[in-house]
Amino acid sequence: MTQARNLALFDLDNTLLIGDSDFEWPRFLIKRGIVDQAYYDHRNNHFYEQYKAGTLNIGEYLEFALEPLTRYDNAELAALHAAYMDEHIRPIIPQAARDLLNLHRQQGDEILIITATNRFITGPIAAELGVDDEHLIAIDLERTADGRYTGKHTGVPSFQAGKITRLEMWLAERGQTLASYGRSFFYSDSHNDLPLLSIVSNPVAVDPDDTLRQHAKEQGWPVISLRG
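Just so you know, these numbers come straight off a predicted model, no measurement behind them.

## Regarding the overall build of the chain
Next, step 1: Scanning the chain for helices and strands turns up nine helices and seven strands.
Next, step 2: Here the chain has a C-alpha radius of gyration of 17 Å; the compact-globule value for 228 residues is 17 Å, and the two agree.
Next, step 3: Dimensions along the principal axes, computed over C-alpha positions, put the chain at roughly 55 × 40 × 30 Å.
Next, step 4: Sorting the 228 residues of the chain into buried and exposed places 51% on the buried side.
Next, step 5: Expressed as a percentage of contacts within the chain between residues at least 6 apart in sequence, the contacts between residues at least 24 apart total 61%.
Next, step 6: As presented, the chain carries roughly 10600 Å² of accessible surface, and 49% of it is formed by carbon and sulfur atoms.
Next, step 7: Once the 21 positive and 33 negative side-chain charges of the chain are each reduced to a mean point, those two points are 2 Å apart.

## Considerations on the pairing of strand E5 (residues 184-188)
Next, step 1: A large share of E5 lies buried, amounting to five of its five residues.
Next, step 2: The side-chain alternation of E5 yields two buried faces, one formed by Ser184, Phe186 and Ser188 and the other by Phe185 and Tyr187.
Next, step 3: Relative to E5, strand E1 (residues 7-10) runs parallel, the two being bridged by four bridges. Note on E5: the bridge partner recorded for Phe10 is Tyr187.
Next, step 4: Pairing of E5 with strand E6 (residues 202-206), which is carried by four bridges, proceeds in the parallel orientation. Bridge assignment links Phe186 to a residue of E6, and that residue is Pro203.

## So, the packing of aromatic side chains
Next, step 1: For the structure shown, the criterion picks out 16 aromatic pairs.
Next, step 2: Taking 6.3 Å as the distance between ring centres and 65° as the angle between the ring planes, the aromatic pair formed by Tyr39 and Phe64 counts as edge-to-face. Taken as a pair, Tyr39 in helix H2 (residues 37-53) and Phe64 in helix H3 (residues 58-66) lie far apart in primary sequence, 25 residues in all.
Next, step 3: The buried category is assigned to Phe64, whose relative accessible area is 8%.
Next, step 4: Note on Phe120 and Tyr149: the rings are 5.8 Å apart at their centroids and 70° apart in plane angle, and the pair reads as edge-to-face. Placement of the pair is Phe120 in helix H6 (residues 119-128) and Tyr149 in strand E4 (residues 149-154), with a sequence separation of 29 residues.
Next, step 5: Looking at Tyr149, the relative accessible area reads 10%, which means it is buried.
Next, step 6: Joined through ring pairs, the aromatic side chains of Trp25, Phe28, Tyr84, Phe120 and Tyr149 make up one cluster.

## As for the environment of Ile199
Next, step 1: Along the chain, Ile199 falls in the loop between helix H8 (194-197) and E6.
Next, step 2: Of the residues examined, Ile199 reaches a relative accessible area of 41% and is grouped as partly exposed.
Next, step 3: Spatially, the C-alpha atoms of Ile199 and Ala179 are 11 Å apart, while their sequence positions differ by 20 residues.
Next, step 4: Sequence-distant contacts of Ile199, that is, excluding residues within four places in its chain, are made with Ile164 and Leu178.

## What to know about unusual backbone geometry
Next, step 1: Located in the positive-phi region is Asn14, a residue other than glycine, with phi close to 60°.
Next, step 2: Here Asn14 shows up in the loop between E1 and helix H1 (21-31).
Next, step 3: According to the relative accessible area criterion, Asn14 is buried, its value standing at 14%.
Next, step 4: In the Ramachandran plot, Asp207 falls in the positive-phi region, its phi being about 40° despite a non-glycine side chain.
Next, step 5: Position of Asp207 relative to the elements: it lies in the loop between E6 and helix H9 (210-219).

Reading the values: rules and limits
- Residues numbered from 1 in each chain as written.
- Predicted model: local features only at pLDDT ≥ 70, side-chain atom pairs only at ≥ 80, totals over all residues.
- Heavy atoms only, no water.
- Helix = DSSP H or I, 4+ residues; strand = E, 2+ residues; numbered from the N terminus.
- Rg over C-alpha atoms; globule rule 2.2 N^0.38 Å.
- Buried < 20%, exposed > 50% of the residue type's maximum accessible area, 1.4 Å probe, protein only.
- Contact = heavy atoms within 4.5 Å.
- Areas by Shrake-Rupley, 256 points an atom, 1.4 Å probe, with all protein chains shown as cover.
- Lys, Arg positive; Asp, Glu negative; His and termini not counted.
- Charge placed at Lys NZ, Arg CZ, Asp CG, Glu CD.
- Pairing = 2+ DSSP bridges.
- Phe/Tyr/Trp six-rings, centres within 6.5 Å; stacked < 30°, edge-to-face > 60°.

That is the geometry; function is a separate question.
Below, the structure is given as structure tokens:
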């Protein structure tokens, strides 16, 4: 009897990255003079503290974060994102993260990145890590008929328990459930991901925040670091 394939789920920010891509994007825009530093620093820090506390209003945050995308066409945004990747993202991808992804590939596991950051930001980052768009669950964004971003999101945000909803939708589209896999791994740094960590067979805390570290200790979950 053939053994069922394993599923390896990965959070992105502060897990596969040494930092937060959704926090780095406005820093990049500020550096380019595209947004006002004082305003963005104040608002972004406000939302980031909410995120760490587990109290983030995802709708309010997205309204703030997505507005700059509405100012540019797709070619302009692609050029901006390419510079952002070079200046802000590739320097914070640790080799250990690439090695862990490759280990799961070598074992024949199916890899899926599931993140609360939007698809515009995370699509090219996932590609850099060797994960195609079909294997990325992120917050999806609304576009006009000519492809421009409206500044609004669509569907269920992949945040907190929403990650479970989005994963179940992704699996259902393929006629599968978590039980279809031999083992299911989920690697995350954040207590915001406790709902999904609690339903996989192999939860792993990666450079975790204090709340997740304590929970992992109580549950006997592995705690690892990808930061060297």
